[in-house]
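What follows is each chain in one-letter form.
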Amino acid sequence: NQHMEEMHDMMEGHMSHDEVVPLNDSTGENELKIPAMLEPDNEEGIVYTVKAQKGQTEIFNGIETNTYGYNGSFLGPMLHFEKGDKVKIRTINELDEETTFHWHGLEVSGEADGGPHDALQPGEEKVIEFEVTQEASTLWFHPHPHGKTAEQVYNGLAGLIYIEDDNSKSLGLPNDYGKNDIPLIFQDRIFDDKHELNYNAAMNDDGTVGETLLINGTLNPKLTVNQEKVRLRLLNGSNARNYTFKLNTGDSFVQIATDGGFLNAPVTLNEVTLTPSERAEIIIDFSQFNAENDLALINEDGYVLLPFEISDQNGVNSEIPGELNDFTLTEEEKNLPVTKKVELFGMMDMVEINGKKFDPERIDFTQQQGVTEVWEIYNKPDMMGGMIHPFHVHGAQFKIISRDGEAPPQNERGWKDSFSIKPDETVKIAIQFKHKGVYMFHCHILEHEDNGMMGQVKVE
Ligand code: C2O
Ligand code: CU
Ligand code: CU
């Protein structure tokens, strides 16, 4: 059969890009850039302006690279919300092509979610409104135009959202932004010989993977820290690469938060893996190290991602509380029947969900607002074995019930909006939508998403 033959031909040429494209070690030449915190437009209302624009950025010394950014030439500012805030955002498209403004992980109505149905043409603007009803967490925003998401993110459209609440403010965790509370947006890129991002040349149907790592847009970054506990908010903002973060010394650290909130208790780990779009907040205790130590965050394969320079300053002496949250997966949720099945299959441009490619005119599932359902997601292997897909659902934070029938690892027992799924693995989640609207669910390898590995759930 024709389809199988094509599939086989495609797979012949296929190899895992994580293996083929190694990362360059960071030389630690440049101090890590910290995204600016976005100020509201005026004192009274919580009104922000977020503008997608083109620009030029000095990523390499003395060389301008053409890039995209929000309110600037590259990446975006950090939006800081408090639970309970009623937020208005004026979104403006100053690009020469259509775009959307998607708030990844934010529980908002379909109208505000910024999926592919919400494209703004060049020059257009739209005001969206929502109330922040979810708990403290690290979320992000990026474009979502149909078939163009990967390229626009690759060119630089991505920004952070922090949510704070009474709990997060009472825990006494490191929270001095840019000092001991550091966002880290990991993105691998390929630059051509003119130091341009040139997406079309770099593009790969299984996801663009580059040898040059940028953290918060910084080439060859290092982070200077005091001898204190430092909170790192890790975001895998790459199109396709997975990272397994560890310390070069093998020392442990603690994870305190998942995509959508705090874990109930800190989890001690030697490494943490994030697939595209996943977040983790970790705390490293630098008070046990000094300037003599050669400490770095590395990838599992040994590549140096972020060297630390430890100053001789003592910082704040913070304690990490043993209790951080009251997240629960109830017996009732565990025992609900599976009402939706999602089968992920394929690779390169032959990716599909439940045997179909994305069709903006087709609603794949419906679900009632405020009703918890159990979705079962299965990653069907192909004749080459298959690959890991990061699965994401818009508009909701959900709970992982099980992986292949077993309870998820400790550090996944918290709110999630994305998770990795291995070939032949089955993951069950309990998911409830607080708002109405049409929401996307998709693989967060952005090229897979653009190639149609996406479906729609209508919440009514
Ligand atoms: Cu990061 Cu469709 O989302
Ligand atoms: Cu999303
Ligand atoms: Cu995928």
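Look up: the structure comes first, before these words.
Note that this is a predicted model, so its numbers are computed, not measured. (Residues numbered from 1 in each chain as written. Chains lettered and ligands numbered in written order. Predicted model: local features only at pLDDT ≥ 70, side-chain atom pairs only at ≥ 80, totals over all residues. Heavy atoms only, no water.)

Visitor: Break down the coordination of the copper ion (ligand 3) for me, citing the residues and quoting the values.
Guide: Protein-derived coordination of the copper ion (ligand 3) comes from His 389 (ND1), Cys 443 (SG) and His 448 (ND1), at a distance range of 2.0 to 2.2 Å. In primary sequence terms, the donor set of the copper ion (ligand 3) follows H-x53-C-x4-H. Of this pair, His 389 sits in strand β26 (residues 389-393) while Cys 443 sits in strand β30 (residues 437-443), and the two are 54 residues apart along the sequence. The two residues His 389 and Cys 443 agree in class, both being buried. (Donors = N, O, S within 2.8 Å, 3.2 Å for Na, K, Ca; no water. Helix = DSSP H or I, 4+ residues; strand = E, 2+ residues; numbered from the N terminus. Buried < 20%, exposed > 50% of the residue type's maximum accessible area, 1.4 Å probe, protein only.)

Visitor: An account of the packing of aromatic side chains is needed here, citing residue identities and associated values.
Guide: Counted under the stated rule, the structure contains 20 aromatic pairs. Relative to Phe 191, the ring of Phe 60 lies with its centre 4.8 Å away and its plane at 90°, an arrangement referred to as edge-to-face. Taken together, the residues Phe 60 in strand β2 (residues 46-60) and Phe 191 in the loop between β10 (181-189) and α6 (199-202) connect sequence positions 131 residues apart. Their ring planes at 35° and their centres at 5.4 Å tell us that Trp 103 and Phe 141 sit as a pair that is tilted. Remark: Phe 141 occurs in strand β8 (residues 137-142) and Trp 103 occurs in strand β6 (residues 102-104); sequence separation between them is 38 residues. Judged by its relative accessible area of 1%, Phe 141 falls in the buried class. (Phe/Tyr/Trp six-rings, centres within 6.5 Å; stacked < 30°, edge-to-face > 60°.)

Visitor: Before we move on, could you go through the coordination of the copper ion (ligand 2) and cite the residues and values that matter?
Guide: Protein ligation of the copper ion (ligand 2) involves His 102 (NE2) and His 392 (NE2), the donor distances falling in the range 2.0 Å. One end of the pair, His 102, is in strand β6; the other, His 392, is in strand β26, and 290 residues separate them in sequence. Like His 102, the residue His 392 is buried in the burial classification.

Visitor: I'd like a rundown of the environment of Phe 398, residues and numbers included.
Guide: Counting through the fold element by element, Phe 398 comes out in the loop between β26 and β27 (399-403). Beyond its immediate chain neighbours, meaning those up to four positions away, Phe 398 contacts Val 393, Gly 414, Trp 415, Lys 416, Asp 417, Ser 418, Phe 419, Ile 429, Ala 430 and Ile 431. (Contact = heavy atoms within 4.5 Å.)

Visitor: Run through the pairing of strand β29 (residues 426-431), naming residues and quoting values.
Guide: One ladder, built from six bridges, connects strand β25 (residues 373-380) with β29; its direction is antiparallel. From the neighbouring strand, Tyr 378 faces β29, where its bridge partner is Thr 426. The sheet contact formed by β27 and β29 spans four bridges and is antiparallel. Looking at the pairing, Ile 400 lines up with Ile 429 of β29. (Pairing = 2+ DSSP bridges.)

Visitor: Residues and numbers for the pattern of salt bridges, please.
Guide: According to the stated counting rule, one finds 27 salt bridges in the structure shown. A salt bridge links Lys 54 to Asp 96; the shortest N-O distance between them is 2.6 Å. Residue Lys 54 is found in strand β2, and its partner Asp 96 is found in the loop between β5 (86-93) and β6; the two are separated by 42 residues along the sequence. Residues joined in a network through salt bridges with shared partners are Asp 259, Glu 278, Arg 279, Lys 416 and Asp 417. (Salt bridge = Lys/Arg side-chain N within 4 Å of Asp/Glu carboxyl O.)

The values are spatial; any link to function lies outside them.
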